[in-house]
Structure formats: C-alpha cells, structure tokens
Amino acid sequence: MSGPDDLRARIDALVRANIDDVMSYFQRRLLNNADAAEAVGELLFLTWKLRRRVPGDPTEGRMWLFAAAHNVLRGTRRSLSRRSAAVDRLVQDARTWAAPEWDDTALEVQLALRALSVGDAELVRLTYWEGFSSDEAATIIGVNASTARSRLSRARDRLRVALDATRSDAVGERP
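Residues numbered from 1 in each chain as written. Predicted model: local features only at pLDDT ≥ 70, side-chain atom pairs only at ≥ 80, totals over all residues. Heavy atoms only, no water.

Engineer: Any chance you could explain the nonpolar core here in plain terms?
Structural biologist: Note on soluble globular proteins: their nonpolar side chains tend to be buried together. Val 22, Phe 26, Leu 43 and Leu 65 are the most contacted members of the largest nonpolar core, which totals 19 residues. Those elements giving two or more residues to this core turn out to be helix 1 (4-29), helix 2 (33-49) and helix 3 (58-94). Considering each element in turn, this core owes the most residues, seven residues, to helix 1. The residues touching Val 22, leaving out its near neighbours within four places in the chain, are Val 40, Leu 43, Leu 65 and Phe 66. In this structure, Val 109, Leu 126, Ala 137 and Leu 163 belong to the second largest nonpolar core, which totals 15 residues. (Core = buried A, V, L, I, M, F, W, Y, C linked by side-chain atoms within 4.5 Å. Buried < 20%, exposed > 50% of the residue type's maximum accessible area, 1.4 Å probe, protein only. Helix = DSSP H or I, 4+ residues; strand = E, 2+ residues; numbered from the N terminus. Contact = heavy atoms within 4.5 Å.)

Engineer: What exactly am I supposed to notice about the environment of Met 23 here?
Structural biologist: The topology assignment puts Met 23 in helix 1. Look at Met 23 and you get partly exposed, because its relative accessible area is 22%. The spatial distance from the C-alpha of Met 23 to the C-alpha of Asn 33 is 9.0 Å, given a sequence separation of ten residues. When neighbours within four sequence positions are excluded, Met 23 is seen to be in contact with Asn 33, Ala 36, Ala 37 and Val 40.

Engineer: Quick question: what am I supposed to make of the packing of helix 1 against helix 2 here?
Structural biologist: The description of two helices packed together rests on the angle between their axes and the distance between the axes. Axis separation between helix 1 and helix 2 bottoms out at 10 Å; the angle between their running directions is 155 degrees. As the angle between them shows, helix 1 and helix 2 are arranged roughly antiparallel. Considering how the two elements wind past one another, helix 1 and helix 2 form a crossing that is right-handed. Here Arg 8, Ile 11, Val 15, Ile 19, Val 22, Met 23, Phe 26 and Gln 27 of helix 1 lie close against helix 2, whose contacting residues are Asn 33, Ala 36, Ala 37, Ala 39, Val 40, Leu 43, Leu 44, Thr 47 and Trp 48. Residue classes in the contact of helix 1 with helix 2 are distributed as 13 nonpolar, three polar and one charged. (Axes fitted to C-alpha atoms, helices over the stretch in contact; angles between N-to-C directions. Parallel < 35°, antiparallel > 145°, perpendicular 65-115°, else oblique. Left-handed = near helix turned anticlockwise from the far one by under 90°. Nonpolar A, V, L, I, M, F, W, Y, C, P; charged D, E, K, R; others polar.)

This is the structure we're talking about:
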C-alpha cells in the first residue's frame with residue numbers, strides 16, 4: 001500500500017514528465033500564452049485535488065492528464081466566451097453613457113492633476129468625479145477622514161491656482 005509521500009512523488013513525476021506537452025496543448029488551442037499558463041495552473045490544481053483518481057501507470061496517467069486538460073480547456077473557452085460577451089455588452093452600454101460634466105481629459109485639467117500627488121489626485125477624482133464625500137473617499141483610499149479633508153482642501157487650492165494660471169495664460173495669448 002502506498003503512502004502520501006508515494007502519491008505525491010508519483011503525481012510530481014507525472015506532471016514533470018508531461019508539463020511541457022500540456023503547456024503546448026493549451027498554447028495551440030488558446031489565443032495567448034497568458035490564457036495557456038492560467039489553464040495549466042488550473043490543470044495542476046485539479047490534478048492535485050483529484051490526485052487519488054490519477055492512474056498509477058505512466059501511460060494511463062498521461063491519458064488522464066490530457067483528458068483533464070481537455071475538460072479544463074472546455075471550461076476555459078466557456079469562461080473566455082462569457083468574458084468576451086460581457087466586454088461586448090459593456091462596450092455597447094458605454095456608447096450610451098453620458099459624458100461626465102467635468103471631463104478630466106481636458107489638457108489643462110490633466111496637467112493640473114499631474115501636479116498633485118497620486119493620492120491627492122485620487123481624492124479629487126473620488127469626490128468630484130465619482131461623487132463620494134471626503135469621508136467616503138478617505139475610507140476608499142485607506143486614510144483618516146480628517147487627513148483626507150485637509151489633503152483635499154490643499155489639493156483644491158493647488159488645482160485652483162494651476163487652473164487659474166492656465167486660463168490666464170490662454171487669455172493672455174489671445175490677440
């Protein structure tokens with residue numbers, strides 16, 4: 001009777017002997033290496049989970065491994081199909097969304113936000129673009145509410161100065 005160490009060694013030997021072929025199997029059937037690597041990971045997890053069902057004979061074990069790979073591939077394709085359909089729906093929905101009232105894609109706003117620290121810029125976006133209170137934004141980014149309020153106040157002041165300077169430069173350039 002074999003013990004847990006024997007089973008572990010047998011599964012390890014089976015995987016080592018077949019891992020390159022299994023990776024190639026997925027690479028030939030999926031669109032990119034990242035999906036193939038993810039499928040291999042799922043197969044390894046499944047193999048370990050079902051390790052007691054894996055045949056002891058190396059040839060039968062290899063066949064079991066590829067049958068399991070086939071099932072993982074089917075599940076992966078279903079998952080990718082659902083993800084693709086969800087992305088397509090999101091793209092269609094996004095085409096009907098109203099543009100934000102204040103668009104941070106305007107060059108002057110982008111430049112002003114870049115002058116802030118990453119955290120302060122995120123506070124501004126969360127409060128003004130996403131509609132969160134400063135306390136809620138503090139919770140989202142993981143800072144104390146009073147810290148967020150003071151950082152937001154300073155960030156607003158710096159944005160105001162930066163945007164006023166940009167507007168003044170634009171007005172001064174006009175003929």
